[in-house]
Amino acid sequence: NGGPTQFGLDPFFVPLGGGAPCAGGFSLATPTPRANAFRVLRAMQLRKPVLLEGSPGVGKTSLVQALGAACGHRVVRINLSEQTDLMDLLGSDLPVEGAPPGTYAWQDGPFLAALRSGHWVILDELNLAPQAVLEGLNSCLDHRATVYVPELAASFECPPSFRVFGCQNPLQQGGGRKGLPKSFLNRFTQVWMEELDAADMRAIAGSLFAALGAPLLEQLVGFVRALQAALARREFGAAGGPWDFNLRDVFRWCELMLAEQAPPHWRPGAFLDALFLQRFRSESDRKAALRLYRESMGGCDAAQLPPLQPHFAVSSRWVQVGCAWLPRAAAQLPPPPPLQLLHGMLRPLQALILGVRMGWMCVVSGEGGAGKSSSLRLLAQLSGARLEETVLSTATDTTELLGCFEQTELSRLQLETLQEADELGRSLISQLAVVGVSEVSRKGLGSVSARLLLKVSRKCLG
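Here's a quick rundown of the structure. Each chain carries its own residue numbering, running from 1 in the written order of its sequence. The predicted nature of this model means local features are confined to residues of pLDDT at least 70 and side-chain atom pairs, given and counted, to a pLDDT of 80 or more, with totals for whole chains, interfaces and linings taken over all residues. Water and hydrogen atoms play no part in the side-chain values, which are based on all heavy atoms of the structure.

Details of the packing of helix 9 (residues 214-232) against helix 10 (residues 247-260)
As a packed pair, helix 9 and helix 10 sit with axes 10 Å apart at the nearest point and diverge in direction by 140°. One finds that helix 9 runs oblique with respect to helix 10. Taken as a pair, helix 9 and helix 10 cross one another with a handedness that is right-handed. Contacts between helix 9 and helix 10 pair Leu216, Leu217, Leu220, Val221, Phe223 and Val224 from the former with Val250, Trp253, Cys254 and Met257 from the latter. Within the contact of helix 9 with helix 10, the residues separate by chemical class into 10 nonpolar, no polar and no charged. Lines fitted to the C-alpha atoms define the axes, with helices restricted to the stretch that makes contact. Angles between their N-to-C directions range from 0 to 180 degrees. Numbering of helices and strands runs from the N terminus; a helix is a DSSP stretch of H or I covering at least four residues, while a strand is a stretch of E covering at least two. Roughly parallel here means an angle under 35 degrees, roughly antiparallel means over 145, roughly perpendicular means 65 to 115, and every remaining angle is called oblique. For any pair of crossing helices, the crossing counts as left-handed if the nearer helix is rotated counterclockwise from the farther one by less than a right angle, and right-handed if it is rotated clockwise. Should any heavy atoms of two residues lie within 4.5 Å, those residues are counted as being in contact. Residues are sorted three ways: Asp, Glu, Lys and Arg are charged, Ala, Val, Leu, Ile, Met, Phe, Trp, Tyr, Cys and Pro are nonpolar, and all the rest, Gly among them, are polar.

Shown next as C-alpha coordinates:
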(Lines give C-alpha, C1' and ligand atoms only; values in the text may rest on other atoms or scores of the structure.)
Protein backbone atom coordinates (compact mmCIF):
# COMPACT_ATOMS: atom_id res chain seq x y z
CA ASN A 1 0.00 0.00 0.00
CA GLY A 2 1.45 3.35 -1.04
CA GLY A 3 -1.15 5.66 0.47
CA PRO A 4 -4.38 7.04 -0.98
CA THR A 5 -2.89 7.76 -4.43
CA GLN A 6 -0.52 4.83 -4.98
CA PHE A 7 -0.36 1.06 -4.88
CA GLY A 8 2.63 -1.26 -4.73
CA LEU A 9 5.17 -3.13 -2.67
CA ASP A 10 7.74 -1.06 -0.84
CA PRO A 11 9.73 0.65 -2.32
CA PHE A 12 8.05 0.40 -5.75
CA PHE A 13 4.65 2.06 -6.27
CA VAL A 14 2.47 3.07 -9.20
CA PRO A 15 -0.24 5.76 -9.24
CA LEU A 16 -3.87 4.80 -8.92
CA GLY A 17 -6.26 5.17 -11.85
CA GLY A 18 -9.70 6.66 -12.08
CA GLY A 19 -11.59 3.48 -11.20
CA ALA A 20 -12.34 1.96 -7.83
CA PRO A 21 -9.47 -0.29 -6.64
CA CYS A 22 -10.41 -3.88 -5.80
CA ALA A 23 -8.63 -7.09 -4.83
CA GLY A 24 -9.02 -8.72 -8.25
CA GLY A 25 -9.01 -12.30 -6.91
CA PHE A 26 -5.21 -12.53 -6.82
CA SER A 27 -3.33 -13.31 -3.62
CA LEU A 28 0.10 -11.85 -2.88
CA ALA A 29 0.40 -13.71 0.41
CA THR A 30 2.51 -16.55 -1.05
CA PRO A 31 6.23 -15.98 -1.71
CA THR A 32 6.50 -16.63 -5.47
CA PRO A 33 3.48 -14.55 -6.64
CA ARG A 34 4.63 -11.77 -4.33
CA ALA A 35 8.15 -11.90 -5.79
CA ASN A 36 6.75 -11.87 -9.34
CA ALA A 37 4.56 -8.89 -8.50
CA PHE A 38 7.59 -7.15 -7.00
CA ARG A 39 9.53 -7.61 -10.25
CA VAL A 40 6.67 -6.28 -12.36
CA LEU A 41 6.21 -3.22 -10.11
CA ARG A 42 9.95 -2.57 -10.29
CA ALA A 43 9.80 -2.75 -14.08
CA MET A 44 6.88 -0.33 -14.12
CA GLN A 45 9.02 2.42 -12.60
CA LEU A 46 10.21 3.11 -16.16
CA ARG A 47 7.86 4.33 -18.89
CA LYS A 48 8.87 1.42 -21.11
CA PRO A 49 6.40 -1.41 -21.80
CA VAL A 50 6.85 -4.58 -19.74
CA LEU A 51 7.34 -8.06 -21.22
CA LEU A 52 6.41 -10.99 -18.96
CA GLU A 53 7.76 -14.40 -19.95
CA GLY A 54 7.23 -17.73 -18.20
CA SER A 55 5.76 -21.19 -18.42
CA PRO A 56 2.01 -21.71 -18.97
CA GLY A 57 -0.08 -21.40 -15.83
CA VAL A 58 2.48 -19.33 -13.92
CA GLY A 59 0.07 -16.36 -13.76
CA LYS A 60 1.42 -13.81 -16.23
CA THR A 61 -1.90 -12.45 -17.45
CA SER A 62 -3.60 -12.89 -14.07
CA LEU A 63 -0.90 -10.84 -12.33
CA VAL A 64 -1.29 -7.87 -14.69
CA GLN A 65 -5.07 -8.02 -14.39
CA ALA A 66 -4.79 -8.15 -10.59
CA LEU A 67 -2.41 -5.17 -10.49
CA GLY A 68 -4.74 -3.23 -12.77
CA ALA A 69 -7.73 -3.99 -10.54
CA ALA A 70 -5.77 -3.02 -7.41
CA CYS A 71 -4.73 0.27 -9.04
CA GLY A 72 -8.17 1.10 -10.41
CA HIS A 73 -7.11 0.78 -14.07
CA ARG A 74 -9.15 -1.01 -16.68
CA VAL A 75 -7.13 -3.79 -18.33
CA VAL A 76 -7.80 -4.68 -21.99
CA ARG A 77 -6.53 -8.12 -22.99
CA ILE A 78 -5.75 -8.74 -26.68
CA ASN A 79 -4.83 -12.26 -27.82
CA LEU A 80 -2.43 -12.27 -30.75
CA SER A 81 -1.91 -15.02 -33.30
CA GLU A 82 -0.33 -15.60 -36.68
CA GLN A 83 -3.55 -14.37 -38.33
CA THR A 84 -3.70 -11.05 -36.40
CA ASP A 85 -3.68 -7.97 -38.60
CA LEU A 86 -2.82 -4.42 -37.64
CA MET A 87 -6.42 -3.42 -38.45
CA ASP A 88 -7.58 -5.82 -35.73
CA LEU A 89 -5.72 -3.66 -33.20
CA LEU A 90 -6.12 -0.12 -34.54
CA GLY A 91 -9.51 -0.30 -36.30
CA SER A 92 -11.02 0.12 -39.75
CA ASP A 93 -13.96 1.61 -41.65
CA LEU A 94 -17.14 -0.37 -40.97
CA PRO A 95 -20.77 0.00 -42.12
CA VAL A 96 -22.88 2.22 -39.87
CA GLU A 97 -25.85 0.42 -38.34
CA GLY A 98 -29.16 2.07 -39.19
CA ALA A 99 -27.63 4.37 -41.80
CA PRO A 100 -28.37 4.26 -45.55
CA PRO A 101 -26.62 1.50 -47.48
CA GLY A 102 -23.00 2.26 -48.31
CA THR A 103 -22.44 4.48 -45.25
CA TYR A 104 -19.14 3.73 -43.56
CA ALA A 105 -17.46 5.23 -40.49
CA TRP A 106 -14.22 4.64 -38.62
CA GLN A 107 -14.39 2.25 -35.65
CA ASP A 108 -11.49 2.13 -33.20
CA GLY A 109 -9.88 -1.24 -32.62
CA PRO A 110 -9.30 -2.45 -29.04
CA PHE A 111 -5.69 -1.23 -28.87
CA LEU A 112 -6.42 2.27 -30.18
CA ALA A 113 -9.55 2.56 -28.03
CA ALA A 114 -7.55 1.62 -24.92
CA LEU A 115 -4.79 4.07 -25.85
CA ARG A 116 -7.21 6.97 -26.26
CA SER A 117 -8.88 6.11 -22.94
CA GLY A 118 -5.63 5.63 -21.02
CA HIS A 119 -6.25 1.99 -20.11
CA TRP A 120 -3.73 -0.81 -19.63
CA VAL A 121 -3.25 -3.25 -22.51
CA ILE A 122 -2.09 -6.87 -22.40
CA LEU A 123 -0.69 -8.19 -25.68
CA ASP A 124 -0.97 -11.91 -25.00
CA GLU A 125 1.10 -14.48 -26.94
CA LEU A 126 3.32 -11.71 -28.28
CA ASN A 127 5.74 -14.11 -29.99
CA LEU A 128 2.91 -15.46 -32.15
CA ALA A 129 2.18 -12.09 -33.80
CA PRO A 130 3.36 -11.51 -37.40
CA GLN A 131 6.21 -9.12 -38.06
CA ALA A 132 3.91 -6.53 -39.68
CA VAL A 133 1.99 -6.12 -36.42
CA LEU A 134 5.19 -5.73 -34.40
CA GLU A 135 6.50 -3.08 -36.79
CA GLY A 136 3.19 -1.21 -36.68
CA LEU A 137 3.41 -0.93 -32.88
CA ASN A 138 7.05 0.19 -32.79
CA SER A 139 6.35 3.92 -32.55
CA CYS A 140 3.95 3.33 -29.68
CA LEU A 141 6.46 1.29 -27.68
CA ASP A 142 9.58 3.46 -27.97
CA HIS A 143 10.40 7.01 -26.92
CA ARG A 144 7.96 8.52 -29.45
CA ALA A 145 4.95 7.10 -27.56
CA THR A 146 2.63 7.75 -30.49
CA VAL A 147 0.74 5.62 -32.98
CA TYR A 148 0.01 6.78 -36.52
CA VAL A 149 -3.17 5.66 -38.31
CA PRO A 150 -2.83 6.18 -42.09
CA GLU A 151 -6.58 5.83 -42.71
CA LEU A 152 -7.21 8.80 -40.44
CA ALA A 153 -4.00 10.67 -41.33
CA ALA A 154 -3.61 11.32 -37.63
CA SER A 155 -1.23 10.46 -34.79
CA PHE A 156 -2.37 9.60 -31.27
CA GLU A 157 -0.14 10.20 -28.27
CA CYS A 158 -0.06 7.76 -25.39
CA PRO A 159 -1.48 9.37 -22.23
CA PRO A 160 0.47 9.00 -18.96
CA SER A 161 -1.90 6.33 -17.61
CA PHE A 162 -1.55 4.12 -20.71
CA ARG A 163 0.64 1.04 -20.17
CA VAL A 164 1.49 -1.88 -22.44
CA PHE A 165 2.26 -5.37 -21.13
CA GLY A 166 3.42 -8.20 -23.35
CA CYS A 167 2.99 -11.83 -22.26
CA GLN A 168 4.50 -14.85 -23.94
CA ASN A 169 5.43 -18.45 -23.30
CA PRO A 170 9.02 -19.58 -23.85
CA LEU A 171 10.15 -20.31 -27.39
CA GLN A 172 10.60 -23.98 -26.48
CA GLN A 173 6.83 -24.37 -26.06
CA GLY A 174 6.47 -24.51 -29.86
CA GLY A 175 3.08 -23.90 -31.49
CA GLY A 176 4.42 -21.46 -34.10
CA ARG A 177 6.28 -19.28 -31.60
CA LYS A 178 9.30 -17.41 -32.87
CA GLY A 179 12.14 -15.48 -31.35
CA LEU A 180 11.43 -11.74 -31.31
CA PRO A 181 14.03 -9.42 -32.86
CA LYS A 182 16.49 -7.92 -30.37
CA SER A 183 15.65 -4.43 -31.64
CA PHE A 184 12.03 -5.05 -30.68
CA LEU A 185 12.86 -6.64 -27.31
CA ASN A 186 14.97 -3.61 -26.37
CA ARG A 187 11.78 -1.57 -26.24
CA PHE A 188 10.55 -3.67 -23.29
CA THR A 189 11.62 -4.17 -19.72
CA GLN A 190 11.75 -7.95 -19.55
CA VAL A 191 10.54 -9.84 -16.46
CA TRP A 192 10.93 -13.59 -16.01
CA MET A 193 8.06 -15.10 -14.02
CA GLU A 194 9.21 -17.74 -11.55
CA GLU A 195 7.23 -20.97 -11.44
CA LEU A 196 5.04 -21.72 -8.45
CA ASP A 197 6.35 -24.20 -5.91
CA ALA A 198 4.29 -26.67 -3.87
CA ALA A 199 3.70 -24.24 -0.99
CA ASP A 200 2.45 -21.56 -3.40
CA MET A 201 0.07 -23.95 -5.12
CA ARG A 202 -1.32 -25.21 -1.81
CA ALA A 203 -1.85 -21.69 -0.50
CA ILE A 204 -3.56 -20.47 -3.69
CA ALA A 205 -5.79 -23.55 -3.95
CA GLY A 206 -6.62 -23.26 -0.25
CA SER A 207 -7.74 -19.65 -0.62
CA LEU A 208 -10.10 -20.55 -3.49
CA PHE A 209 -11.30 -24.03 -2.45
CA ALA A 210 -11.19 -23.98 1.33
CA ALA A 211 -14.21 -26.32 1.50
CA LEU A 212 -12.08 -29.24 0.32
CA GLY A 213 -9.73 -29.02 3.30
CA ALA A 214 -5.96 -28.59 3.49
CA PRO A 215 -5.04 -32.34 3.66
CA LEU A 216 -6.88 -33.19 0.44
CA LEU A 217 -5.54 -30.14 -1.40
CA GLU A 218 -2.02 -31.09 -0.37
CA GLN A 219 -2.49 -34.53 -1.91
CA LEU A 220 -3.93 -33.10 -5.14
CA VAL A 221 -1.06 -30.64 -5.51
CA GLY A 222 1.44 -33.39 -4.66
CA PHE A 223 0.13 -35.66 -7.41
CA VAL A 224 0.10 -32.92 -10.07
CA ARG A 225 3.67 -31.92 -9.23
CA ALA A 226 4.84 -35.54 -9.11
CA LEU A 227 3.23 -36.18 -12.50
CA GLN A 228 4.90 -33.15 -14.07
CA ALA A 229 8.26 -34.12 -12.56
CA ALA A 230 8.00 -37.69 -13.88
CA LEU A 231 7.18 -36.41 -17.37
CA ALA A 232 10.07 -33.95 -17.23
CA ARG A 233 12.41 -36.88 -16.43
CA ARG A 234 10.90 -38.73 -19.44
CA GLU A 235 9.90 -41.72 -17.32
CA PHE A 236 6.83 -42.07 -19.55
CA GLY A 237 4.68 -39.93 -21.84
CA ALA A 238 7.12 -39.75 -24.74
CA ALA A 239 4.23 -39.74 -27.23
CA GLY A 240 2.23 -36.53 -27.31
CA GLY A 241 4.70 -34.34 -25.42
CA PRO A 242 5.72 -31.81 -24.32
CA TRP A 243 3.34 -31.98 -21.34
CA ASP A 244 2.55 -29.28 -18.85
CA PHE A 245 0.50 -30.11 -15.74
CA ASN A 246 0.16 -27.07 -13.49
CA LEU A 247 -2.11 -25.18 -11.12
CA ARG A 248 -4.88 -24.99 -13.72
CA ASP A 249 -5.28 -28.77 -13.50
CA VAL A 250 -5.63 -28.51 -9.72
CA PHE A 251 -8.32 -25.86 -10.20
CA ARG A 252 -10.26 -28.05 -12.64
CA TRP A 253 -10.02 -30.98 -10.25
CA CYS A 254 -11.36 -28.91 -7.36
CA GLU A 255 -14.13 -27.36 -9.45
CA LEU A 256 -15.32 -30.81 -10.52
CA MET A 257 -15.45 -32.12 -6.96
CA LEU A 258 -17.37 -29.09 -5.73
CA ALA A 259 -19.82 -29.34 -8.65
CA GLU A 260 -20.39 -33.11 -8.70
CA GLN A 261 -19.78 -34.33 -5.13
CA ALA A 262 -20.99 -33.47 -1.64
CA PRO A 263 -18.86 -32.92 1.49
CA PRO A 264 -17.29 -34.59 3.31
CA HIS A 265 -17.26 -37.57 0.92
CA TRP A 266 -14.72 -36.25 -1.58
CA ARG A 267 -13.55 -38.78 -4.18
CA PRO A 268 -10.92 -37.17 -6.41
CA GLY A 269 -10.21 -40.50 -8.11
CA ALA A 270 -13.62 -40.35 -9.81
CA PHE A 271 -12.24 -37.72 -12.21
CA LEU A 272 -8.70 -39.05 -12.57
CA ASP A 273 -9.36 -40.76 -15.89
CA ALA A 274 -11.15 -37.81 -17.46
CA LEU A 275 -8.73 -35.11 -16.28
CA PHE A 276 -5.39 -36.87 -16.59
CA LEU A 277 -5.33 -40.41 -17.98
CA GLN A 278 -7.25 -39.66 -21.18
CA ARG A 279 -4.71 -37.02 -22.14
CA PHE A 280 -2.01 -39.65 -22.70
CA ARG A 281 -1.64 -41.35 -26.05
CA SER A 282 -0.91 -44.96 -25.01
CA GLU A 283 -2.36 -47.36 -22.46
CA SER A 284 1.10 -47.94 -20.94
CA ASP A 285 1.40 -44.21 -20.17
CA ARG A 286 -2.05 -44.24 -18.59
CA LYS A 287 -1.09 -47.19 -16.37
CA ALA A 288 2.12 -45.41 -15.33
CA ALA A 289 0.16 -42.28 -14.37
CA LEU A 290 -2.32 -44.45 -12.44
CA ARG A 291 0.52 -46.08 -10.47
CA LEU A 292 1.90 -42.64 -9.67
CA TYR A 293 -1.52 -41.56 -8.43
CA ARG A 294 -1.73 -44.53 -6.07
CA GLU A 295 1.72 -43.72 -4.70
CA SER A 296 1.03 -39.99 -4.30
CA MET A 297 -2.32 -40.42 -2.56
CA GLY A 298 -0.87 -42.86 -0.04
CA GLY A 299 -3.75 -45.30 -0.40
CA CYS A 300 -6.30 -42.68 0.69
CA ASP A 301 -8.32 -42.83 -2.49
CA ALA A 302 -6.83 -45.87 -4.23
CA ALA A 303 -9.45 -48.31 -2.99
CA GLN A 304 -12.26 -46.01 -4.14
CA LEU A 305 -11.11 -45.62 -7.75
CA PRO A 306 -13.96 -46.28 -10.17
CA PRO A 307 -13.56 -49.00 -12.80
CA LEU A 308 -11.64 -47.84 -15.83
CA GLN A 309 -14.47 -49.15 -18.05
CA PRO A 310 -17.36 -46.85 -17.06
CA HIS A 311 -20.98 -47.95 -17.14
CA PHE A 312 -23.45 -46.48 -19.60
CA ALA A 313 -27.12 -45.61 -19.12
CA VAL A 314 -29.59 -43.63 -21.19
CA SER A 315 -33.21 -42.65 -20.53
CA SER A 316 -35.70 -40.24 -22.02
CA ARG A 317 -34.29 -37.45 -19.85
CA TRP A 318 -30.62 -38.28 -19.14
CA VAL A 319 -27.54 -39.86 -20.65
CA GLN A 320 -24.83 -41.06 -18.26
CA VAL A 321 -21.34 -42.46 -18.84
CA GLY A 322 -19.53 -43.32 -15.62
CA CYS A 323 -19.58 -40.33 -13.28
CA ALA A 324 -20.60 -37.91 -16.04
CA TRP A 325 -24.14 -37.14 -17.16
CA LEU A 326 -26.01 -34.74 -19.42
CA PRO A 327 -29.70 -33.86 -19.77
CA ARG A 328 -31.31 -34.87 -23.04
CA ALA A 329 -33.08 -32.19 -25.04
CA ALA A 330 -36.77 -32.74 -25.69
CA ALA A 331 -36.63 -31.44 -29.25
CA GLN A 332 -35.56 -34.02 -31.80
CA LEU A 333 -33.27 -32.87 -34.60
CA PRO A 334 -33.25 -34.28 -38.14
CA PRO A 335 -32.41 -38.01 -38.10
CA PRO A 336 -28.62 -38.39 -37.79
CA PRO A 337 -26.65 -41.10 -39.56
CA PRO A 338 -26.60 -44.39 -37.62
CA LEU A 339 -23.75 -44.51 -35.10
CA GLN A 340 -22.75 -47.36 -32.82
CA LEU A 341 -21.59 -46.96 -29.23
CA LEU A 342 -18.45 -49.07 -28.80
CA HIS A 343 -16.81 -50.00 -25.49
CA GLY A 344 -13.64 -48.17 -26.49
CA MET A 345 -15.58 -44.90 -26.78
CA LEU A 346 -16.92 -44.88 -23.21
CA ARG A 347 -13.87 -43.40 -21.48
CA PRO A 348 -13.40 -40.55 -24.00
CA LEU A 349 -17.15 -39.89 -23.89
CA GLN A 350 -17.01 -39.59 -20.09
CA ALA A 351 -14.28 -36.95 -20.37
CA LEU A 352 -16.19 -35.10 -23.09
CA ILE A 353 -19.39 -35.00 -21.07
CA LEU A 354 -17.56 -33.58 -18.06
CA GLY A 355 -16.03 -30.91 -20.28
CA VAL A 356 -19.44 -30.00 -21.69
CA ARG A 357 -21.02 -29.82 -18.23
CA MET A 358 -18.27 -27.56 -16.89
CA GLY A 359 -18.14 -25.38 -20.01
CA TRP A 360 -14.53 -26.31 -20.81
CA MET A 361 -13.14 -26.43 -24.32
CA CYS A 362 -12.19 -29.96 -25.36
CA VAL A 363 -9.53 -31.05 -27.86
CA VAL A 364 -10.08 -34.55 -29.25
CA SER A 365 -6.86 -35.93 -30.73
CA GLY A 366 -5.95 -39.26 -32.24
CA GLU A 367 -4.89 -41.04 -35.38
CA GLY A 368 -6.88 -40.88 -38.59
CA GLY A 369 -9.94 -43.10 -38.49
CA ALA A 370 -9.87 -43.44 -34.71
CA GLY A 371 -13.42 -42.09 -34.38
CA LYS A 372 -12.85 -38.54 -33.17
CA SER A 373 -15.65 -36.92 -35.19
CA SER A 374 -17.91 -39.94 -34.67
CA SER A 375 -17.58 -39.62 -30.89
CA LEU A 376 -18.68 -36.01 -31.00
CA ARG A 377 -21.56 -36.79 -33.34
CA LEU A 378 -22.64 -39.62 -31.09
CA LEU A 379 -22.57 -37.39 -28.00
CA ALA A 380 -24.64 -34.75 -29.80
CA GLN A 381 -27.08 -37.44 -30.94
CA LEU A 382 -27.44 -38.89 -27.42
CA SER A 383 -27.98 -35.49 -25.79
CA GLY A 384 -30.24 -34.11 -28.52
CA ALA A 385 -27.93 -31.14 -29.16
CA ARG A 386 -27.31 -29.56 -32.52
CA LEU A 387 -23.73 -30.09 -33.74
CA GLU A 388 -22.16 -27.59 -36.13
CA GLU A 389 -19.11 -28.93 -37.99
CA THR A 390 -16.47 -26.68 -39.56
CA VAL A 391 -13.37 -27.91 -41.36
CA LEU A 392 -10.32 -25.82 -40.44
CA SER A 393 -7.06 -25.41 -42.33
CA THR A 394 -4.06 -23.10 -42.38
CA ALA A 395 -6.02 -20.82 -44.72
CA THR A 396 -9.04 -20.48 -42.37
CA ASP A 397 -9.76 -16.92 -41.30
CA THR A 398 -11.55 -15.80 -38.14
CA THR A 399 -14.29 -14.16 -40.23
CA GLU A 400 -15.32 -17.62 -41.42
CA LEU A 401 -16.06 -18.53 -37.80
CA LEU A 402 -17.26 -15.25 -36.28
CA GLY A 403 -18.88 -13.67 -39.32
CA CYS A 404 -18.43 -10.51 -41.38
CA PHE A 405 -20.41 -7.95 -43.37
CA GLU A 406 -22.02 -9.38 -46.51
CA GLN A 407 -24.52 -8.17 -49.06
CA THR A 408 -28.08 -9.18 -48.22
CA GLU A 409 -29.51 -11.80 -50.59
CA LEU A 410 -33.24 -12.51 -50.61
CA SER A 411 -32.73 -16.15 -51.62
CA ARG A 412 -30.49 -16.76 -48.61
CA LEU A 413 -33.06 -15.22 -46.25
CA GLN A 414 -35.77 -17.41 -47.75
CA LEU A 415 -33.63 -20.52 -47.28
CA GLU A 416 -32.94 -19.62 -43.63
CA THR A 417 -36.67 -19.11 -43.08
CA LEU A 418 -37.50 -22.53 -44.49
CA GLN A 419 -34.81 -24.15 -42.34
CA GLU A 420 -36.10 -22.48 -39.17
CA ALA A 421 -39.67 -23.45 -40.04
CA ASP A 422 -38.54 -27.05 -40.53
CA GLU A 423 -36.79 -27.09 -37.13
CA LEU A 424 -39.82 -25.64 -35.35
CA GLY A 425 -42.07 -28.17 -37.06
CA ARG A 426 -39.87 -31.05 -35.97
CA SER A 427 -39.83 -29.65 -32.43
CA LEU A 428 -43.63 -29.56 -32.39
CA ILE A 429 -43.87 -33.13 -33.69
CA SER A 430 -41.39 -34.26 -31.02
CA GLN A 431 -43.45 -32.68 -28.25
CA LEU A 432 -46.60 -34.30 -29.62
CA ALA A 433 -44.90 -37.69 -29.54
CA VAL A 434 -43.50 -37.29 -26.01
CA VAL A 435 -46.31 -35.68 -23.98
CA GLY A 436 -49.38 -36.19 -26.16
CA VAL A 437 -51.55 -34.03 -28.35
CA SER A 438 -53.84 -32.74 -25.61
CA GLU A 439 -50.97 -31.60 -23.36
CA VAL A 440 -49.18 -29.75 -26.15
CA SER A 441 -52.44 -28.18 -27.30
CA ARG A 442 -53.09 -26.92 -23.80
CA LYS A 443 -49.57 -25.65 -23.04
CA GLY A 444 -47.41 -24.99 -26.05
CA LEU A 445 -49.11 -25.37 -29.44
CA GLY A 446 -50.25 -21.77 -29.62
CA SER A 447 -46.84 -20.36 -28.66
CA VAL A 448 -45.00 -22.56 -31.17
CA SER A 449 -47.36 -21.60 -33.97
CA ALA A 450 -47.05 -17.92 -33.07
CA ARG A 451 -43.26 -18.12 -33.10
CA LEU A 452 -43.31 -19.87 -36.48
CA LEU A 453 -45.63 -17.30 -38.05
CA LEU A 454 -43.65 -14.39 -36.58
CA LYS A 455 -40.32 -15.66 -37.92
CA VAL A 456 -41.72 -16.38 -41.39
CA SER A 457 -43.41 -12.96 -41.63
CA ARG A 458 -40.27 -11.11 -40.51
CA LYS A 459 -38.11 -12.91 -43.05
CA CYS A 460 -40.52 -12.44 -45.92
CA LEU A 461 -40.99 -8.75 -45.19
CA GLY A 462 -37.20 -8.25 -45.17
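Observations regarding the packing of helix 10 against helix 13 (residues 346-358)
Running from N to C, helix 10 and helix 13 point in directions that differ by 80°, and their axes come no closer than 12 Å. With respect to their mutual orientation, helix 10 and helix 13 come out roughly perpendicular. Taking contact as the criterion, the partners of Glu255, Leu256, Ala259 and Glu260 in helix 10 are, on helix 13, Leu354, Arg357 and Met358. Residues that form the contact of helix 10 with helix 13 fall into these classes: 4 nonpolar, no polar and 3 charged.

Brief notes about the sheet that holds strand 13 (residues 318-321)
When DSSP locates at least two bridges between a pair of strands, those strands are taken to pair. Judged by pairing direction, the sheet is antiparallel, and its 3 strands sit side by side in the order 12-13-14 without closing on themselves. Each edge of the open sheet is held by one strand with a lone partner, namely strand 12 (312-314) and strand 14 (324-327). Neighbour to neighbour, the strand axes of the sheet diverge by 10° on average, direction disregarded. Bridge analysis of strand 12 against strand 13 gives 3 bridges, and the strand direction is antiparallel. Bridge pairing in strand 13 links Phe312 to Val321.

Some remarks on the sheet that holds strand 4 (residues 75-79)
Each strand in a sheet pairs with its neighbour through backbone hydrogen bonds, running either in the same direction (parallel) or in the opposite one (antiparallel). The 5 strands lie next to each other as 4-7-10-3-11, forming an open sheet whose pairing is parallel. At either end of the open sheet lies a strand with only one pairing partner, and these are strand 4 and strand 11 (189-192). Each adjacent strand pair in this sheet contributes to an overall mean axis angle of 20°, direction not counted. In the sheet, strand 3 (residues 50-53) pairs with strand 10 (residues 163-168) via 4 bridges, with the strands oriented parallel. Looking across to strand 10, one finds that Val50 is bridged to Phe165. Packing of helix 1 (residues 31-43) onto the sheet brings it into contact with strand 3, strand 10 and strand 11, and relative to strand 11 it is tilted by some 175°. Running over the sheet, helix 4 (residues 110-117) touches strand 4, strand 7 (120-124) and strand 10 and is turned about 160° from strand 4.

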